[in-house]
Structure formats: structure tokens, C-alpha cells
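One-letter residues, chain by chain:
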Amino acid sequence: MCGIWAIFGSEVDVYKQIGCAMQIAHRGPDAFRVENVPEFNNCCLGFHRLAIVGNVFGMQPMRIQRFPNLYLLYNGEIYNCKKVGDAFNFPYETNLDGEAILHLYARAGVEYAASMCDGVFAFCIVDTATRKVHIARDTYGVRPMFTLLKDDGFLAVCSEAKGLLGLMHGCDDSEVTISQFPPGHVQSFNLLPSGKVSPLERIQYTTIGQTPKWASVEGSVQPDEEDIHANIRTLFEEAVRKRLMSARRIGCMLSGGLDSSLVSALVMKLMREAGTTYPLQTFSIGMEGSPDVIAARKVAAHIGSEHHEISFTPEEGIEAVKSVIKSIESYDITTIRASVGMYLVAKYIRKVTDTIVVFSGEGSDELAQGYIYFHKQPSASAGDDESRRLLQDLYLYDVLRADRTTAAHGLELRVPFLDHHFTSYFLSLPKELRHPNKGIEKYLIRKSFEDTGLLPNEILWRPKEAFSDGVSSMKKSWYEVLQEHIDTQVNDSMLEDSPKRFPFNPPRSKEAYYYREVFEKYYPGRSAWIPYMWMPRWIQATDPSARTLKHYKDSEVEDKKSDVQA
């Protein structure tokens, strides 16, 4: 989890703007470098390093002798670096996974390089020979990238939006458009002698559900060779295995739900097979009486991890909200609720342990239709459409939350459920197999891992518990705690006036108003970063919390479980 920062065509001494780059120092606490591109005026590349693979030579911008004309900044991991290197006989000069990007680019260009990388990444290549700048982002936007492009040819690129604020001296920040670069895209720019750029066409090199180009290099599991459940097991285990690439200690977020429990169990299994010498650390968080903490304790005992339980009070959670909003750069209600627990557990991990690489279960609910409201889908086609929409927008919500809350404390997050090979296979299955079955969400994934011994049945078939709800006390939900506090901060007249004050995405509740007010304090005029407020579909929901839904309160879970297992 590193931080990249680059500016092209600055009319101000770039070293006076390095303070902006320092706004993302949390992403790479191990080292920092800033470097000019001597062939062009007013070009500056900055890098904050979190050392995961490689030694001191892992600093960026990366340059190798074979391609002296290329500068590379990247944040991410290229899991198939060795495989593409072997396939194409690339003469690697380093042991860094990112070197594969340079060789692939030199072979056939930036679109080819991005499409052949199995991994998560945001990268920027400066090619002084062709006078081009190229940027690219992975399929699901697991690694973030923001851009600032002005009509006069000024371009800035950064891992987080906060690193681009304040760059335009003598110009109101609100007059400059800062936006997320879309996942699955590449874009090139002509680089002028002045250091300014002229943009070329933006290209979408991959789509949700598309079989990745690199699959032919790696080999793939063919659907007609074994049944669907075996394919799911094989591909998901491989998704976890490839993400174990690390020279730093690995741990797992463990909520006790299906997703994080399955990931933790597979990480433990593969670490044992590899002969890893240190114990796997797992981490759960919740308020007193949290169902997540109780379930996670059972999983940790089953897999034999070194388990840590972090408890927080309502007061501690409320106190963290403002810092969370600043870190995640969002005012979305459900994103903020879920971010508080993740922010606090990440803070604990960094302060108390030596775990740096953290696995989690993000992406499963979107891919496998795990949200409770999917029980209300009017048809399998509607459920499939919604699943793909959620995956397309994931970088604006859950992936954003997971990245920012962990990066805020110098941790690197890995999300195997968003493995491109695994997701493309899963989405290729018939729509009717992927929706909730027999009253159980994510039925297909649960059934695929049944009788493997990885998890106790009570965990494997545990109903969905939204993270922001699972950390709650059973006596009072976390969202109720927040709303009671916010009710003392926002009055009725403030809410009534909200459409005038906040015409874009106007707050419809006091909680939404409070978050928006805090967001505007840090990021005035940037409400368009969140195009809409996340809410369940197909139901008359007035709140995104799963605890407000009728299905959540269904007491027939055990009967359903028995019916499924019968």
C-alpha cells in the first residue's frame, strides 16, 4: 500500500508543492522520494513507500538499465510477474513485481501492459522517448488513483484526492476538478517540452466479468473439466495463494461472517502448507456483545490463529467519525458507519502488532449477491444486473472504505474475492445459480466449501451480518448510537434547509447532514466525488442498515439451514 504523486506542467517551483505530496505520507511510512524528469521542465514524481516486496532498491520512480527512457510509479502488486516473465523471457533486473509493467509496456504498449497484469494497481509511466505519459488502474479499482487536469495542460496524479488539494496556487481549489480515474481504463497524454500535457483518448481495456487476457498465459480451470463447486474452490484458493506474496507479516480481518472467515481459513491452510514460521494473526472488533466478535472467536479457535479482539465504546466510535471522514474522503452513510470499526482495528494492528499485510473479505457481497435485499430481487436477470452494477461502482464505496481505513495506518489490504480470474468465472455461471437460494444468500459459495472442514457449519451457513451492524451491541445497533448522538448536533431547521446548502445529493436525514457538514469542512465543493448515496434496491428502505430490513429479523434461520443441509 504505497502512495504515488506526480505533477506535469506546474508553473510554480515543484518543490514548493511537495507539501501536497506529504498529505498521503501515511500510505508509505517506510521511505519517501521525489524526483524531477530532467528531459522535461516542470515534471515531478513523488513516492511514499510501504516496503512489502524487495529491499531499498524498491524505491520509485522505478528505472531499469534496459529501458532508460522509462520512469514508473505504481501502487499495487503484480501477482503474475514471474509467470509473464517466464512466458516472454523478460530479463528482469530486480526482484520487484512492478518491473513486469515496464517489460509489458515495452513489448506492446500501455493497454497491453494493463490487460496482461494479474493484480491490483494504479500506475503512471513517463516515456521520454515517445514524449508520452500513461496512467492505468486495475479492473475493480482496488488501488486508488485521482487526477487533476486543467485546460492549460497541467496534470497531477495522486493515490488520494487530498494530495491534489492546494496544488493550484492563486486558484480556488473549488474551481479545479479532481476526479477518480475510472477502474479498468488506461489513458495517454502527449508530453510537451514545457512539461504540460495534451490528453489522448481514454481506453477501457477490461470490463466486469470479462475473462482476463493473461489467463491464457497462466492456464485456466475449464468448466467442463470439473463441476462448478470444484471450480469455485480451485479458483478462490488460487486467488488467496497468489496474494501471499509478501516479505512482511500477514494477518486477516476476521468478522466471523462467511467472507472474512473463509479468507482467514484459506490463508491459514496455505501458510501451513508453505511452512510459514510465524502464526497467523486475526483481528475482530466490536462493541460489548457484538455478534461478530463472538463468531470470530469461534473461527479463530477452529483455524488455530493468534486472535486479537478489539473492543470500542460508543464514545470512542463517535470520537473517530471526523477522522474517518477525512481519511476516506466520503460522506456516504453506510460507508462511514462501516469505516469506523475498520479504521479502529487498523489503528490497533499498526500500533500493537507487526502485521503489515492484511486480508479481508470485501467484494463477496457484490459478486455473490450477499446483501439482504437481494432476497427481494424480482428476477434472476435483475439480480445479475444489480450485482454487476455494484461491482462497477465498488471503488466508490466498499473498496474505497477498505483502502483508506487501512492505508491511513500504513497497512496494505488484499481482497481475494475481487480476483479478476475468480470473478470472471463466477459471473459466467447461469444467473439462476447466483441468486439467494432457499432463503440463504451467497448459497453457491457456501455450498462449494461445504464438507471441506475449513469452517464450522454454523459459520459457513451464518446469515449475512453487515459489518457496521455486526460490530454493534445486540442491545443497541451502532447506527442507532450514531443517530442518537447526531440528533443533538443537527436540528430540524438545519435539515429542512439542506437542499439549499447542499443542492447535490442533499442530505435526507440528520445523520447524512452531519457527515456532509464534516466532509465539506475538509473537502469543500467536492460532493461530486460520491455520485449517489448507497441504498438497498427493490424495497422501501429508509436506511441502509441491514437491521432495518424484515428479512434480517427472520427467526427461521435454523430451519433454513437444516433444510439446506438436508
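From a predicted model like this one, the values you see are computed outputs, not experimental measurements. (Residues numbered from 1 in each chain as written. Predicted model: local features only at pLDDT ≥ 70, side-chain atom pairs only at ≥ 80, totals over all residues. Heavy atoms only, no water.)

**Section: the side chain of Thr405**
When you line up the elements, Thr405 lands in helix α13 (residues 398-407). Within the structure, Thr405 has its side chain in polar contact with the backbone oxygen of Arg401 (distance 2.7 Å). (Helix = DSSP H or I, 4+ residues; strand = E, 2+ residues; numbered from the N terminus. Polar contact = N/O pair within 3.5 Å; in protein donor to acceptor, adjacent residues only side chain to side chain.)

**Quick look at the pairing of strand β3 (residues 43-49)**
Most of β3 is tucked away, with seven of its seven residues classed as buried. Alternating residues of β3 divide into Cys43, Leu45, Phe47 and Arg49 and Cys44, Gly46 and His48, and every residue in both groups is buried. Sheet analysis places strand β2 (residues 31-36) next to β3, joined by six bridges and oriented antiparallel. Bridging from a neighbouring strand, Asn36 pairs with Cys44 of β3. The antiparallel pairing of β2 with β3 creates a hairpin that spans six residues between the two strands, and Asn42 there sits at a positive phi of about 60 degrees. (Buried < 20%, exposed > 50% of the residue type's maximum accessible area, 1.4 Å probe, protein only. Pairing = 2+ DSSP bridges.)

**Regarding the sheet that holds strand β10 (residues 185-191)**
The strand order across the open sheet formed by five strands is β4-β5-β6-β10-β11, and the pairing between neighbours is antiparallel. Each end of this open sheet is capped by a strand with a single partner; those strands are β4 (70-78) and β11 (197-204). Between one strand and the next, the sheet's axes are offset by a mean angle of 10 degrees, whatever the strand orientation. Across the sheet, helix α3 (residues 99-108) lies against β4, β5 (119-127) and β6 (132-137), angled at about 125 degrees from β4, the strand it touches most. (Axes fitted to C-alpha atoms, helices over the stretch in contact; angles between N-to-C directions. Contact = heavy atoms within 4.5 Å.)

**Concerning the sheet that holds strand β16 (residues 412-414)**
Backbone hydrogen bonds are what pair the strands of a sheet, in a parallel or an antiparallel way. Pairing in this open sheet of five strands is parallel, and the strands run β14-β13-β12-β15-β16 from one edge to the other. Looking at the sheet topology across the chains shown, the edges are occupied by β14 (306-311) and β16. Averaged over neighbouring strand pairs, the angle between their axes works out to 30 degrees when direction is ignored. Pairing of strand β12 (residues 249-253) with strand β13 (residues 281-286), which is carried by three bridges, proceeds in the parallel orientation. By the bridge assignment, Met253 is partnered in β13 with Phe283.

**A word on the environment of Leu200**
Its place among the elements puts Leu200 in strand β11. For Leu200, a relative accessible area of 33% gives the class partly exposed. Spatially, the C-alpha atoms of Leu200 and Phe189 are 5.3 Å apart, while their sequence positions differ by 11 residues.

**Points about the pairing of β14**
In summary, the side chains of a regular strand alternate between the two faces of the sheet. Summarising the sheet, β13 and β14 pair through six bridges and their orientation is parallel. In the strand pairing of β14, Gln281 is matched with Glu306. Tracing the backbone out of β13, into helix α8 (residues 291-303) and back to the parallel element β14 gives a crossover that is right-handed. (Right-handed = clockwise from strand over helix to strand, strands pointing away.)

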